[in-house]
Amino acid sequence: MSQLIHSKDKGLMEKQDDSIKCNICGYHIKQSEITSAYLSGRISLTQRID
Ligand SMILES: [Zn+2]
C-alpha cells in the first residue's frame with residue numbers, strides 16, 4: 001500500500017477529514033491539492049513494507 005510522505009522531512013502524511021497532515025512538522029494540504037503537491041515534489045509516494 002502506498003503512503004504519502006512529506007518530502008522535506010520524510011514525515012508520514014496522515015489523513016484528516018478533508019486534508020492530509022504531516023505527523024512530524026504539521027504541514028497540511030487539502031485532499032484536492034494532493035496532485036499538485038505531488039507533481040511539484042512537496043510530497044512523494046513510498047511503498048509501505050510490512
Ligand atoms: Zn513535515
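**Considering the coordination of the zinc ion**
Only His6 (ND1), Asp9 (OD), Asp9 (OD), Cys22 (SG) and Cys25 (SG) from the protein reach the zinc ion as donors, at distances of 2.0 to 2.6 Å. Spacing between the donor residues of the zinc ion along the chain follows H-x2-D-x12-C-x2-C.

**Quick notes on the pairing of strand E2 (residues 11-15)**
Consecutive side chains of a regular strand alternate in pointing toward one face of the sheet and then the other. The sheet contact formed by strand E1 (residues 2-6) and E2 spans two bridges and is antiparallel. Each bridged residue has a counterpart across the sheet, and for isoleucine 5 the counterpart in E2 is leucine 12. Judged from the three bridges that link them, E2 and strand E3 (residues 19-22) form a sheet pairing that is antiparallel. Within E3, the residue paired with lysine 15 across the bridge is isoleucine 20. The turn linking E2 back onto E3 is made up of three residues.

Analysis parameters
- Residues numbered from 1 in each chain as written.
- Predicted model: local features only at pLDDT ≥ 70, side-chain atom pairs only at ≥ 80, totals over all residues.
- Heavy atoms only, no water.
- Donors = N, O, S within 2.8 Å, 3.2 Å for Na, K, Ca; no water.
- Pairing = 2+ DSSP bridges.
- Helix = DSSP H or I, 4+ residues; strand = E, 2+ residues; numbered from the N terminus.

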